[in-house]
Amino acid sequence: MSSVIVTIVGTAQDAGVPHPNCFCGHCKTAMELPERRRFASSLAVVETNTKQWHLIDATPDLREQLAMIQLKYGWFGQLMESIWLTHAHIGHYPGLMFLGREAIGAKGIPVFCGEKMKHMLENDAPWKQLVALNNIRPQLVQQEQVIELSKQVRITPVEVPHRNEFSETFGFWVEGPSRKLLYIPDIDRWEDWAYDIHDMAKEADICLLDGTFHSIEEIEKMGRNYKEIPHPVITETMDRLQDLVDKTAVYFTHFNHTNPVLDETDPFVKHVLERGFHLAVEGLELPL
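The numbers attached to residues start from 1 for each chain and follow its sequence in the written order. The predicted nature of this model means local features are confined to residues of pLDDT at least 70 and side-chain atom pairs, given and counted, to a pLDDT of 80 or more, with totals for whole chains, interfaces and linings taken over all residues. Computation of side-chain values covers all heavy atoms of the structure but excludes hydrogens and water.

*Asks:* What should I look at first to understand helix H3 (residues 115-123) in this one?
*Replies:* One turn of the α-helix equals 3.6 residues, which is why residues spaced by three or four share an orientation. Think of it in three bands: residues with accessible area under 20% of the maximum for their type are buried, residues over 50% are exposed, and the middle band is partly exposed, with areas taken using a 1.4 Å probe on protein chains only. Secondary structure elements are defined from DSSP: runs of H or I of at least 4 residues count as helices, runs of E of at least 2 residues count as strands, and each element is numbered from the N terminus. Buried residues of H3: Met 117, Met 120 and Leu 121, and no others. When H3 is viewed along its axis, its buried side chains cluster within an angular range of 95° and face the same direction. The criterion used for residue contact is that any of the two residues' heavy atoms lie within 4.5 Å. For H3, the secondary structure elements touched by its buried residues are strand E5 (109-113), helix H4 (127-132) and strand E6 (136-140). Working definition: the arc comes from the directions between the helix axis and the C-beta atoms, pointing outward to the latter.

*Asks:* Can you help me understand the packing of aromatic side chains in this one?
*Replies:* Each aromatic ring pair is specified by the distance between its two centres and by the angle formed by the two planes. Each Phe, Tyr or Trp ring (for Trp, its six-membered ring) is paired with any other whose centre lies within 6.5 Å, and the angle between the two planes then decides the class: stacked below 30 degrees, edge-to-face above 60, tilted in between. For the coordinates displayed, the defined rule picks out eight aromatic pairs. An angle of 35° between the planes, with centres 5.9 Å apart, marks the rings of Phe 252 and Phe 277 as tilted. Here Phe 277 lies in the loop between helix H8 (267-274) and strand E13 (278-279) and Phe 252 lies in strand E12 (residues 249-253), a separation of 25 residues in the sequence. Just as Phe 252 is buried, Phe 277 falls in that class too.

*Asks:* Please clarify how empty space enclosed by the protein should be interpreted in this entry.
*Replies:* The gaps of empty space that remain are located by a probe, the size of a water molecule, rolled over the atoms. A cavity here means a set of points on a 1 Å grid, drawn over the protein atoms and nothing else, where a 1.4 Å probe fits but cannot get out; a pocket is an open set with protein on both sides within 12 Å along at least five of seven lines, and a residue lines either one if it has an atom within 4 Å of a point. Grid points are joined across faces, edges and corners, and a volume is the space filled by probe spheres set on the points. Under the definition given, this model contains one cavity of 30 Å³ or more. Approximately 50 Å³ is the volume attributed to the largest cavity. What lines the largest cavity is Val 17, His 26, Thr 29, Arg 36, Arg 38 and Leu 262. The residue makeup of the lining of the largest cavity, split by class, is two nonpolar, two polar and two charged. Under the grouping applied here, Gly and all other residues not named as nonpolar or charged are polar, the nonpolar ones being Ala, Val, Leu, Ile, Met, Phe, Trp, Tyr, Cys and Pro and the charged ones Asp, Glu, Lys and Arg.

*Asks:* What is the right way to read the sheet that holds E12 from this model?
*Replies:* Two orientations exist for strands paired in a sheet by backbone hydrogen bonds: parallel and antiparallel. With mixed pairing, seven strands are arranged side by side in an open sheet as E7-E8-E9-E10-E11-E12-E13. Both edges of this open sheet fall to strand E7 (147-148) and E13, since each of them pairs with a single strand only. Here four bridges tie strand E10 (residues 180-184) to strand E11 (residues 206-210), and the two strands are oriented parallel to one another. Paired with Leu 181 across the bridge in E11 is Ile 206. Helix axes are fitted to C-alpha atoms over the stretch in contact, other axes to C-alpha atoms as well, and angles between N-to-C directions run from 0 to 180 degrees. Sitting on the sheet, helix H7 (residues 234-241) touches E11 and E12, and the angle it makes with E12 is about 170°. Here the rule is simple: two strands pair whenever DSSP picks up at least two bridges between them.

Next up, the structure:
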C-alpha cells in the first residue's frame, strides 16, 4: 500500500447527521444508532512512513475526527502537522476552537487559507485569540499555488464559486507518489466555474465531489427552489462525468441529511453504484 493515504473522516453537509432540530427518518435513525451518524466533510492526508498527517477542514466534529485518526493509526496524542481550510461556512472551520487554551492548547499549527479567511482569523474574535496565543499560525495560500508538504505530498488550492460571505472558497488537489485526488466538497454550479469539471476529473485519479443533494426533486420536497440552492445535484454530476468512470474513481461527499444516499437500502444508492460512481463513508482509505 502507498505510504500516502487520504482517509475520509467526514461526509456530511456542515451540520452533520443527525441534523440539529430534525427528526426525519435519517436523523432519527442516526440518533438511535451511532454507526449511522455522519460527521461534517473532512479529509486527513496521512503519511504512514513518517507518521505525520494533515487535515483538510476543521469541522464542528473535530473532536471525534481527531480521535478517529489517532486510534486508526495508533498515533495517540499526535496532532495534525497542518490544517487546510476550504472556506468560512460552519462545517469547515469552527473546529479550530478546540485548538485553543480551553481545550487542547496547541502550539503553532499552520492553518493554510485564502486571504479573506486569513484576515478573519487574525482580526475577528474568537479566532484572533488562537493567533495571539500561537495556537495556530495562519498561512496564506493562493490560486494554483503548489505547496509541498513533504517529498511525497503536494497540495494545490483551486478557487471555486460558492457563497463567499466571509472568505473565498477553495477545492484542493492532493498529489501523492502515484495518484492525484481532486477534492471539491462545496461549489455553486459546475457551469459557473472557470474550469470544466470534466477536464479536471479526467486529469484526476480520484475525485471527491459535492454530493449535497441527489436531485432537484429532493430540494423541491424541502419546499425550496433549486435555483436558490447553490449546489450541483448528484444526478447532474453523474451525467457530466459518466464517460470517465472507467478511468477516474468519482466519489460523492458532503451529503445533506435529506439525501437518500444516507440509507444504503435506498434504490438511489444502487443506481449510483450501478453507474460506476461511489459514495464516500467515514473511515475509507484512498491510497495515493
